[in-house]
Amino acid sequence: MIQSQVEIVSFEPHLREHFYTLNAAWLRKHFVIEPIDEQVLRDPEHAVLAPGGAIFFARLGDAVIGTCALLHEAPGVYELSKMGVDESFRGLGAGRLLLDAAIAEFHRRRGHTLFLESNSSLKPALHMYERAGFVLQPTIRAGSHYARADVYMIYAPEQGAAPGRKS
């Protein structure tokens, strides 16, 4: 199975360019790169890591095929963000492995709130988030940084599917 060949690794400086290129590709395809995206993607060490976040990459052999970030918003509060998988490698389970790595890191850090913002047009991603235990909220997040965000979800596995469970 190819998914078993996908490896999840943490941020290293030589991977920085992949954080930008993977995210920029899907943003340009579906939306636009907003100023907040540009800030985070161009300087992940300052925007994500320095405030206490984490960045993960999915590799298949020597190819970096996906990425996601866990942004530290406030004590115990994290945002799942900047998830993207190269189109030519979708369907291999890399997105789910990245999501599982971010959730595991959230638990390791003893976070109490994990949320994400997305767009209703991204149906496969939203379904994956629901299967992982994210619950759709009735309104968008107050103070959202993203013009494209019309979906707000909070990780509450006790209300939805258990992490790692296939539906």
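Residues numbered from 1 in each chain as written. Predicted model: local features only at pLDDT ≥ 70, side-chain atom pairs only at ≥ 80, totals over all residues. Heavy atoms only, no water.

Q: What exactly am I supposed to notice about the overall build of the protein chain here?
A: Tallying secondary structure elements over the protein chain gives 5 helices and 7 strands in all. Traced from its N-terminal end to its C-terminal end, the protein chain shows the element sequence β-α-α-α-β-β-β-α-β-α-β-β. Here the protein chain has a C-alpha radius of gyration of 15 Å; the compact-globule value for 167 residues is 15 Å, and the two agree. Out of the 167 residues belonging to the protein chain, those deemed buried represent 46%. Taking contacts inside the protein chain between residues at least 6 apart in sequence as the whole, the part at least 24 apart equals 63%. Separation of charge centres in the protein chain, based on 17 positive and 19 negative side chains, amounts to 4 Å. (Helix = DSSP H or I, 4+ residues; strand = E, 2+ residues; numbered from the N terminus. Rg over C-alpha atoms; globule rule 2.2 N^0.38 Å. Buried < 20%, exposed > 50% of the residue type's maximum accessible area, 1.4 Å probe, protein only. Contact = heavy atoms within 4.5 Å. Lys, Arg positive; Asp, Glu negative; His and termini not counted. Charge placed at Lys NZ, Arg CZ, Asp CG, Glu CD.)

Q: Whenever I open this one, the packing of helix H1 (residues 16–30) against helix H2 (residues 35–42) confuses me. Can you help?
A: Helix-helix packing is described using two parameters, namely the angle between the two axes and the distance between the axes. For the pair H1 and H2, interaxial distance at closest approach is 9 Å and the crossing angle is 155°. Taken together, H1 and H2 sit at an angle that is classed as roughly antiparallel. On the side of H1, the interface is formed by Arg 16, Phe 19, Tyr 20, Asn 23, Ala 24 and Leu 27, while H2 contributes Asp 37, Glu 38, Val 40, Leu 41 and Arg 42. For the contact of H1 with H2, a count of residues per class yields 6 nonpolar, 1 polar and 4 charged. (Axes fitted to C-alpha atoms, helices over the stretch in contact; angles between N-to-C directions. Parallel < 35°, antiparallel > 145°, perpendicular 65-115°, else oblique. Nonpolar A, V, L, I, M, F, W, Y, C, P; charged D, E, K, R; others polar.)

Q: I tried to follow the nonpolar core on my own but got confused; where do I start?
A: Among soluble globular proteins, nonpolar side chains are generally buried collectively. Leu 80, Met 83, Leu 99, Leu 114, Tyr 129 and Phe 134 are the most contacted members of the largest nonpolar core, which totals 29 residues. When contributions to this core are tallied by element, the ones reaching two or more residues are strand S2 (54–60), strand S3 (63–74), strand S4 (77–85), helix H4 (94–108), strand S5 (113–118), helix H5 (123–132) and strand S7 (151–155). A per-element tally of this core places H4 first, with 7 residues. Not counting residues within four places of it along the chain, the set of residues in contact with Phe 134 comprises Leu 80, Leu 99, Ile 103, Leu 114, Phe 115, Leu 116, Tyr 129, Met 153, Ile 154, Tyr 155 and Ala 156. (Core = buried A, V, L, I, M, F, W, Y, C linked by side-chain atoms within 4.5 Å.)

Q: Hey, could you run me through the environment of Leu 60 in this one?
A: Along the chain, Leu 60 turns up in strand S2. Remark: the alpha-carbon pair of Leu 60 and Ala 94, spanning 34 residues in sequence, is separated by 9.0 Å.

Q: Got a minute to help me understand H2 in this structure?
A: An α-helical turn contains 3.6 residues, so a residue and the one three or four places further along point in the same direction. Taken together, the buried positions of H2 are occupied by Asp 37, Val 40 and Leu 41. Along the axis of H2, the buried residues cluster in a sector spanning 95°; they form a single face. Exposed and oriented more than 90 degrees from the buried face of H2 are Pro 35 and Arg 42. Lining the buried residues of H2 we find H1, helix H3 (44–49) and S4. (Arc of directions from axis to C-beta.)

Q: Whenever I open this one, the sheet that holds S2 confuses me. Can you help?
A: Across a sheet, strands are paired by hydrogen bonds formed along the backbone, either parallel or antiparallel in direction. Read from one edge of the open sheet, 7 strands run S1-S2-S3-S4-S5-S7-S6, paired in mixed fashion. Of all strands in the sheet, those bounded by a partner on one side alone are strand S1 (6–10) and strand S6 (134–136). Neighbour-to-neighbour, the strand axes of this sheet turn through a mean angle of 25°, independent of strand direction. (Pairing = 2+ DSSP bridges.)

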